[in-house]
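The lines below spell out each chain.
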2 protein chains.
Amino acid sequence: MKRSGLAFAAVLLVCNLALAQTGAVGPVRDFRTQSEHRLLSDFVRFLAMPNVASDTVNIRRNADHLVAEMQKRGLKPQLLEAADNKVPPVVYGEWITPGATKTVIFYAHYDGQPTEAADWSGSKPWEPVLRTASLEKGGKIIPFPKAGEKIDPEWRIYARSASDDKAGVFAILSAFDALIAKGIKPTVNIKFFFEGEEEAGSPNLREILTKHKELLKADAFIVCDGPVHQSGRKQVVFGVRGDVNVDLTVYGAVRPLHSGHYGNWSPNPAMTLARLLASMKDADGNVTIKGWNDDVEPLGPVEIAAIREAPRYDEEIKKQLGIARTEGSGKSLLDLINLPSLNINGFKSGDVGEQARNVIPTTATTVLDLRLVKGNDHIRQVAKLRRHIESQGFYVIDRDPTPDERLKHPLIAKFIHIPGSYNAQRTKMDLPISLSVIKAVEAASAEPVVRMPSLGGSLPLSIITETLDGVPTISVPIANHDNNQHAENENIRLQNLWDGIEIFASLMTMK
Amino acid sequence: MKRSGLAFAAVLLVCNLALAQTGAVGPVRDFRTQSEHRLLSDFVRFLAMPNVASDTVNIRRNADHLVAEMQKRGLKPQLLEAADNKVPPVVYGEWITPGATKTVIFYAHYDGQPTEAADWSGSKPWEPVLRTASLEKGGKIIPFPKAGEKIDPEWRIYARSASDDKAGVFAILSAFDALIAKGIKPTVNIKFFFEGEEEAGSPNLREILTKHKELLKADAFIVCDGPVHQSGRKQVVFGVRGDVNVDLTVYGAVRPLHSGHYGNWSPNPAMTLARLLASMKDADGNVTIKGWNDDVEPLGPVEIAAIREAPRYDEEIKKQLGIARTEGSGKSLLDLINLPSLNINGFKSGDVGEQARNVIPTTATTVLDLRLVKGNDHIRQVAKLRRHIESQGFYVIDRDPTPDERLKHPLIAKFIHIPGSYNAQRTKMDLPISLSVIKAVEAASAEPVVRMPSLGGSLPLSIITETLDGVPTISVPIANHDNNQHAENENIRLQNLWDGIEIFASLMTMK
């Protein structure tokens, strides 16, 4: 009895462990392997709908398609729209799980980046094709498989939004299908939130969220967008950096001058701007603007540990990129993306190459990109930059100078804070919901999951948190890292799509 | 006797003074006033011939026309050609004055800058028109005057090369005509040298000069090109600056990077170049490159005095140009053009404005313009710049780096010394020939003549001096300063053309 009792307990323990590791993943995988042909053809039909946000007719077709898909599943779809009802709506649906104590919003977007068909190689953006491998590795176009033919998970679908982000929409809906098909009850209330203008900069997101605040109450906002880690390992990302752009113009004489007749007497704006920019960083690439890092909310020990455990790719990337030395006094890329940055996107004064002439240009212009981390405020960070420019002796204005101003101020900078800036967002990695999400993704992964406190890149997730009473946002990307996101020849590797279904089924059944 | 002797001496003295002040000018002015209608129609016929150096058929028509004009005058014309005989020839002629002890070459060029007819206002480049004043001052097009109608010297002819530099060719030939017509014997042997590809950069000048070195022996090379002083006063210019262009490119990663994912880790080439350029000048705009001014041959007391006596236009120009502060620690423009300069013609990295994106650019490129003064050597000056860049830690090469070099050197600069650079040329203002030229121009001028040790701009006059055994070159410009040289709506004020005839007649009869 004791023995059998022990044996029984041992069996139970093994079962529990198996469940903890794989949860819904096993049955969901069965569902997928049984349904691959149908999944593939459904996804391709979805990808064949042109989906640029400004293409009002077609973007509405995508929304209608999603409404119909949600209706089939009993998800009570509705369109969440901004005041004018003209912009691409959010397609919203929900599934209430009796007894569930948590509500999770699953976010993806159904619009895609504009693209020129002529830039694509051998296929067109909204006429999906199947390739045997990536284009870069010589993948050939093959017909879509007939019933009964084997489907190779290394195959890739080439189409606009194949990865970014119809893969997210499709994986989320298919994960739900798999659970229902296998009789597995979700553990959370599910709210589906599919945006239709993310690639247009989400101009109406704040308004839509505010308008439907009650409807959108949730314990977490899980974003499926972007690629998995470069190593191929799955990853959970707890933050994004904020983003600000500033246009800066400095001035020379009112007309281009002969560089022989006036050179080194009349001020050269390219040199003026070069000196100004050089004052913003030291030789090691550290920003020297006063108080630049002062507001930074330090990473906690869990975040620091996660960075330490993440794969180190610095030396590998340096080789790929042809870089002998990096900025930031030798700090690693993963450390540096947790600091605010200052980057020159462009610098233009006069002409170079064939167009170059012996002149003193009239102006020099640069576009700066400021990335922010948790603790920074976009308005405050811009003010630091502006104060720095003033401290260098510049008269700073937000328009071209008048003739009188030109004669009065030796150094003048036109400083334009480009609209659309926003703060960083970072969810603590040791919140219960954070731990649950990590566990759920781990359950769908054979390898350790990479946990990132923040991406280097930016998404306006702070808008979501600010509008929805501080809801934690967590990103769970599924696309292959070489998916050519935003560019021509966008693609998804089938295994990443299959994995995505398992990941989201696991998230829908998280503990 | 004594009294009458004294009176006679006094009369002689007055006559000598009158001759010293006006020389041939009075008779030449008579000739001109009597011939204005013919001079105008001859000049307009000359201007109607398209004269871009690369337009082989038309440029040859101009050369043939000049040969015919010289033949009429008995100037024994010949074409001086480069080896392939295909480039626009120099049209050469000569007039030997028995007993003359000096030989003077009179230089002008008959080719003009390329131009787009569509850019002109109300007329076309090679269909000369007459205006009542400058276009900018509302000058209206009027018919060319019929015989007997008065000609207003403020009228302007609008056509390509009206000033630059068919005015020079025409004034020189007409000055000779006037002397012959009035029976005034030149005091010097005259060599006419009319170049046909100056605006194309004189690529064959050195070869032609070398080939015809014996023929071109002379005591002075007088160049008629460019405008008189901004004040309207006539000027004699004893030098030009040398000129060098350098293209400089620095490198970031091999491909454009997302500024969020990689910013402030992967080096930004625009910042690298900004820092490098900022290292080349101090806050007052003085060049800080080691030894930059070391070779400068100091101005002599005569040159310094001439600069002191020249009209001061700094404050006036600053107002016109909208400049509150100049470079060079407050030194005047006239002082600064007698120092070597370093000017940024252009700076380009990534994009600004509508095209700007959040990327780290792959390269940053600048075009530098180095002006040289007497004493500088163009090869040596470029070497100083290159050594400075090396001293800033750069690996300097003359091509794009290899992948291995990128991984080995943190800072790489591609340094291209653009072909076609040349040294400054400056003739001492107190040489006997210099004094003679000043005197001759003064004799044709009611106002004091501006004497400039050097222009800020550049011409390859050093090639002439180097090739022709150190012959002194002196520039005597005649065009109005607002002649729109090189641009659309080029023009000459008739009075400047008339003055030019007097100036060159005075030079041909100089003592």
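Residues numbered from 1 in each chain as written. Chains lettered and ligands numbered in written order. Predicted model: local features only at pLDDT ≥ 70, side-chain atom pairs only at ≥ 80, totals over all residues. Heavy atoms only, no water.

With that out of the way, let us pick up the overall build of chain A. Helices and strands together make up the secondary structure of chain A, namely 15 helices and 21 strands. Since a compact globule built from 511 residues should have a radius of gyration of about 24 Å, the 26 Å found for chain A is in line with a globular shape. C-alpha extents for chain A along the principal axes are approximately 100 × 55 × 50 Å. Counting only residues that meet the buried cut, chain A has 59% of its 511 residues in that class. Of all intrachain contacts in chain A linking residues separated by at least 6 positions in sequence, the fraction that spans at least 24 positions is 79%. Accessible area for chain A stands at about 20700 Å²; split by element, carbon and sulfur atoms hold 55% of it. The distance from the centre of the 60 positive side-chain charges to the centre of the 61 negative ones in chain A is 4 Å. (Helix = DSSP H or I, 4+ residues; strand = E, 2+ residues; numbered from the N terminus. Rg over C-alpha atoms; globule rule 2.2 N^0.38 Å. Buried < 20%, exposed > 50% of the residue type's maximum accessible area, 1.4 Å probe, protein only. Contact = heavy atoms within 4.5 Å. Areas by Shrake-Rupley, 256 points an atom, 1.4 Å probe, with all protein chains shown as cover. Lys, Arg positive; Asp, Glu negative; His and termini not counted. Charge placed at Lys NZ, Arg CZ, Asp CG, Glu CD.)

Read from one edge of the open sheet, four strands run 5-4-6-21 (chain B), paired in antiparallel fashion. Of all the strands in the sheet, the pair left with one neighbour each is strand 5 (141-142) and strand 21 (491-493) of chain B. (Pairing = 2+ DSSP bridges.)

Moving on, we get to helix 9 (residues 314-321) of chain B. Burial in helix 9 of chain B covers these residues: B:Asp314, B:Ile317, B:Lys318 and B:Leu321. Down the axis of helix 9 of chain B, the buried side of the element spans an arc of 105°, and every buried residue falls inside it. Exposed positions of helix 9 of chain B whose direction lies more than 90 degrees from the buried face are B:Glu315 and B:Lys319. Buried residues along helix 9 of chain B sit in contact with strand 12 (257-258), helix 6 (259-262) and helix 12 (403-408) of chain A together with helix 10 (333-336) of chain B. Looking one or two places after helix 9 of chain B, you find B:Gly322, whose phi comes out positive at around 70°. (Arc of directions from axis to C-beta.)

Quick look at the side chain of A:Ser279 now. Positionally, A:Ser279 belongs in the loop between helix 7 (269-278) and helix 8 (301-309). Residue contacts for A:Ser279: discarding those within four places in its chain leaves A:Thr288, A:His388 and A:Gln392.

What follows deals with the interface of chain B and chain A. Contacts between chain B and chain A engage 80 residues on the former and 80 residues on the latter. Summing both partners gives a buried area of about 6400 Å² for chain B against chain A, and 59% of it is carried by carbon and sulfur. Considering only the surface of chain B that becomes buried against chain A, B:Asn264, B:Trp265 and B:Leu321 emerge as the three largest contributors, covering 14% of it. In this structure, the connection of chain B to chain A is made through zero salt bridges. Remark: the boundary between chain B and chain A carries 41 residue pairs in polar contact (both at pLDDT 80 or more). Broken down by element, the side of chain B that touches chain A gets its largest block of residues, 10 residues, from strand 13 (residues 341-350) of chain B. Its residues assigned to classes, the side of chain B that touches chain A comprises 33 nonpolar, 28 polar and 19 charged. One ladder, built from five bridges, connects strand 13 (residues 341-350) of chain A with strand 13 of chain B; its direction is antiparallel. Looking at strand 13 of chain B, one finds that A:Lys348 is bridged to B:Lys348. (Buried area = accessible area lost by both parts, 1.4 Å probe. Salt bridge = Lys/Arg side-chain N within 4 Å of Asp/Glu carboxyl O. Polar contact = N/O pair within 3.5 Å; in protein donor to acceptor, adjacent residues only side chain to side chain. Nonpolar A, V, L, I, M, F, W, Y, C, P; charged D, E, K, R; others polar.)

Moving on: the domain arrangement of chain A. Residue and element names in this part refer to chain A. The assigned domain composition of chain A is domain 1 (14-240 + 425-508) and domain 2 (242-296 + 339-417). Between the C-alpha centres of domain 1 and domain 2 the distance comes to 41 Å. Facing six residues of domain 1, the contacting portion of domain 2 comprises four residues. Counting the contacts that link domain 1 with domain 2 gives zero salt bridges. Where domain 1 touches domain 2, the interface holds three residue pairs in polar contact (both at pLDDT 80 or more). (Domains from an automatic or database assignment.)

Here the focus is the relation of the copies chain B and chain A. The two copies are related by a screw motion: chain B maps onto chain A through a turn of 179° and a shift of 0.0 Å along the axis, at an RMSD of 0.1 Å. Given the turn and translation reported, the copies of this chain are related as if by a two-fold rotation axis. The overlap is high: 100% of the interface residues of chain B also sit at the interface in chain A, so the same surface is used on both sides. (Least-squares fit on C-alpha atoms with pLDDT ≥ 70 in both.)

As a further point, take the sheet that holds strand 11 (residues 242-251) of chain B. The sheet built from 10 strands is open, its strands ordered 16(A)-17(A)-11(A)-15(A)-13(A)-13(B)-15(B)-11(B)-17(B)-16(B) with mixed pairing. Each edge of the open sheet is held by one strand with a lone partner, namely strand 16 (395-397) of chain A together with strand 16 (395-397) of chain B. In this sheet, adjacent strand axes meet at a mean angle of 25° when their direction is disregarded. Inspection of the sheet shows strand 11 (residues 242-251) of chain A paired to strand 15 (residues 363-372) of chain A by 10 bridges, in the antiparallel sense. Residue pairing in the sheet places A:Val250 in a bridge with A:Ala364 of strand 15 of chain A. Against the sheet, helix 7 of chain A contacts strand 11, strand 13 and strand 15 of chain A together with strand 13 of chain B, and its axis sits at roughly 20° relative to strand 15 of chain A. (Axes fitted to C-alpha atoms, helices over the stretch in contact; angles between N-to-C directions.)

So, on to the confidence of the model for chain A. Residues and elements named next belong to chain A. Overall, the predicted model of chain A reaches an average pLDDT of 93, with 96% of residues at or above 70. In this model residues 1-22 is a low-confidence stretch, pLDDT under 50, and it forms seven contacts with partners more than four residues away in sequence or in other chains. Prediction confidence for the complex, expressed as pTM and ipTM, is 0.85 and 0.86 respectively. (pLDDT = per-residue confidence, 0-100.)

A few words now on the pattern of salt bridges. All names here are of chain A. A full pass over the atoms with the stated rule returns 54 salt bridges over all chains. Here Asp295 makes a salt bridge to Lys384, at a shortest N to O gap of 2.7 Å. Separated by 89 residues along the polypeptide, Asp295 in the loop between helix 7 and helix 8 and Lys384 in helix 11 (residues 378-391) bring together distant segments of the chain. Since its relative accessible area comes to 24%, Asp295 is described here as partly exposed. Of the charged contacts in the structure, one is a salt bridge between Arg451 and Glu309, with a shortest N-O distance of 2.2 Å. Taken together, the positions of Arg451 in strand 19 (residues 450-452) and Glu309 in helix 8 put the pair 142 residues apart, joining distant regions of the chain. Taken together, the shared-partner salt bridges connect Arg29, Arg32, Glu36 and Glu502 into one network.

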